[in-house]
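# Inside the fold
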Amino acid sequence: MNIADARDLVAQDVLGLKGTSLLSIRDWSRQQVTAALELADCYARNRRSVETVVDWQGRRAVAMIFEKASLRTRVTFDLATRELGGMPVALGPAEVGLGTREEPGDVARNLARWVDGIVARVYKHEMLVAMRDACGAPVVNALSDQEHPCQALADALTLIQHKGSMEGLTVAWVGDGNNVLHSLMLVSVLLGARVRAACPAGYEPHECIVAAAQSLAGRPDAVSVTSDPLEAVQGADAIYTDVWTSMGQEAEAEVRRGVFSRYQVNQRLMDAAGPQALFMHCMPAHRGDEVTSEVLDGPASVALDQAENRLHAQKAVLSLLIGA
Ligand code: CP
Ligand code: NVA
């Protein structure tokens, strides 16, 4: 997509996304995801261009609420807002007290009087739903216990950059059946890829999200879950892993380290997949646990491309939801 087409896509709200929220990849259709990724690719290719897709000229603001720690999401939403010509307002965990100091609906209704979009990283997904339902401003999920849709869009962009298309790809997941896997499954099936997940018993992805992904794909074999990492990675185009203990689960860390010890992505597992396999990680990574340094820093790793693509994908998200 060139800059002129991207400008029209946003200005004319061709995708009908202006004023809507992005809490889950399920909020978007195949066509909306595909076009958003083409817009993200346009932002990626033209980051230093003097021509702009959107220039808010300081007339738009985006609030960011973080209940949990963040490096990538915090920096890339801040930069995304500024690069679109807007003003970011970042709020840390101690400042807002979502659901403790103040009801999430009241927080959202207040924010909507000042800003044009709310980006929030929360423990409970229901906080995002309550904020979305309370106000007219777009709410963006910057990670919840259920999903990480902005990560999934960046991951899809990364796979498209390296493999040409998502159509027909097989993405293997090794590790915890968590928020990142949920969004990855949903975006993958929308774009014609399959996901084979290897997770220990009791740590599989939510059945309802597996079923939703299978139904979106129109075929049950589009998403499969096994407990055997070797079975999942056989012939895969990419192997993706994430931390064994997500934010909010720290009390389970020791138990999880024992449960997941068989689920490390190391060179042996990469070799079992074959030379075509990329390595993916949303980061932060725990070297020596879910991935070895040899793999994370190795030639197959695209983890830093994923991190860079967060910026481009989120510029697409903000411009489509907030408009020109
Ligand atoms: N991948 C990701 O969301 O990173 P942060 O937790 O650092 O934002
Ligand atoms: N699953 C991890 C992802 C961090 C980006 C977590 O929720 O902590």
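Residues numbered from 1 in each chain as written. Chains lettered and ligands numbered in written order. Predicted model: local features only at pLDDT ≥ 70, side-chain atom pairs only at ≥ 80, totals over all residues. Heavy atoms only, no water.

### Examining the sheet that holds strand β9 (residues 278–281)
Convention followed: If DSSP finds at least two bridges between two strands, the strands pair. Segments assigned H or I by DSSP are reported as helices when at least four residues long, segments assigned E as strands when at least two residues long, and all are numbered from the N terminus. Think of each axis as a best-fit line through the C-alpha atoms, taken over the contacting stretch in the case of a helix, with angles from 0 to 180 degrees between the N-to-C directions. The contact rule is simple, with two residues in contact once any of their heavy atoms fall within 4.5 Å.
In spatial order, the strands read β7-β6-β5-β8-β9; together these 5 strands make up an open sheet with parallel pairing. The sheet is open, and its two edges are formed by β7 (223–226) and β9, each paired on a single side. When the angles between neighbouring strand axes are averaged without regard to direction, this sheet yields 20 degrees. Summarising the sheet, strand β8 (residues 238–241) and β9 pair through 4 bridges and their orientation is parallel. Of the residues in β9, the one forming a bridge with T241 is H281. The sheet contacts of helix α7 (residues 149–163) involve β5 (170–174), β8 and β9, and relative to β9 the element is tilted by about 165 degrees.

### Topic: the nonpolar core
Here is the rule we go by: Buried residues of nine kinds, namely Ala, Val, Leu, Ile, Met, Phe, Trp, Tyr and Cys, make up a nonpolar core once their side-chain atoms join them within 4.5 Å. Think of it in three bands: residues with accessible area under 20% of the maximum for their type are buried, residues over 50% are exposed, and the middle band is partly exposed, with areas taken using a 1.4 Å probe on protein chains only.
Residues W28, L39, V53, L153, L318 and L320 are the most contacted members of the largest nonpolar core, which totals 73 residues. Beyond its immediate chain neighbours, meaning those up to four positions away, L39 contacts M1, A6, L9, V10, V53, A316, S319 and L320. V233, A236, F279 and A285 belong to the second largest nonpolar core, which has 22 residues in total.

### Comments concerning the site of ligand 2
Threshold: Any residue with a heavy atom positioned within 4 Å of a molecule or strand is treated as near that molecule or strand. Counted as a polar contact is a pair of N or O atoms within 3.5 Å, where, for protein atoms, one must be capable of donating a hydrogen and the other of accepting one, and residues adjacent in sequence contribute only when both atoms are in side chains. Computed with a 1.4 Å probe, the accessible areas rest on the Shrake-Rupley method; for each residue, only the protein chains presented here act as cover. Throughout, the ten residues Ala, Val, Leu, Ile, Met, Phe, Trp, Tyr, Cys and Pro are labelled nonpolar, Asp, Glu, Lys and Arg are labelled charged, and all others, Gly among them, are labelled polar.
As a structural note, the neighbourhood of ligand 2 is formed by L143, N178, N179, V180, D242, V243, S246, M247 and M283. Taking S246, its side chain carries an N or O atom lying 2.7 Å from a nitrogen atom of ligand 2. In this structure, an oxygen atom belonging to ligand 2 sits 2.8 Å away from a main-chain N or O atom of M247. When ligand 2 is considered free in solution it has 270 Å² of accessible area, and contact with the protein chains removes 95% of it. Its residues assigned to classes, the shell around ligand 2 shows 5 nonpolar, 3 polar and 1 charged.

### Here we look at the site of ligand 1
The full set of residues close to ligand 1 is S70, L71, R72, T73, R121, H148, Q151, C282, M283 and R310. Measuring from an oxygen atom of ligand 1, one finds a side-chain N or O atom of R121 at 2.8 Å. For ligand 1, an oxygen atom lies 3.1 Å from a polar atom in the side chain of R310. Surface burial for ligand 1 is 95%, taken as the share of its 260 Å² of free accessible area covered by protein chains. Of the residues in the shell around ligand 1, the class split is 3 nonpolar, 4 polar and 3 charged.

Taken by themselves, the reported measurements are silent on function.
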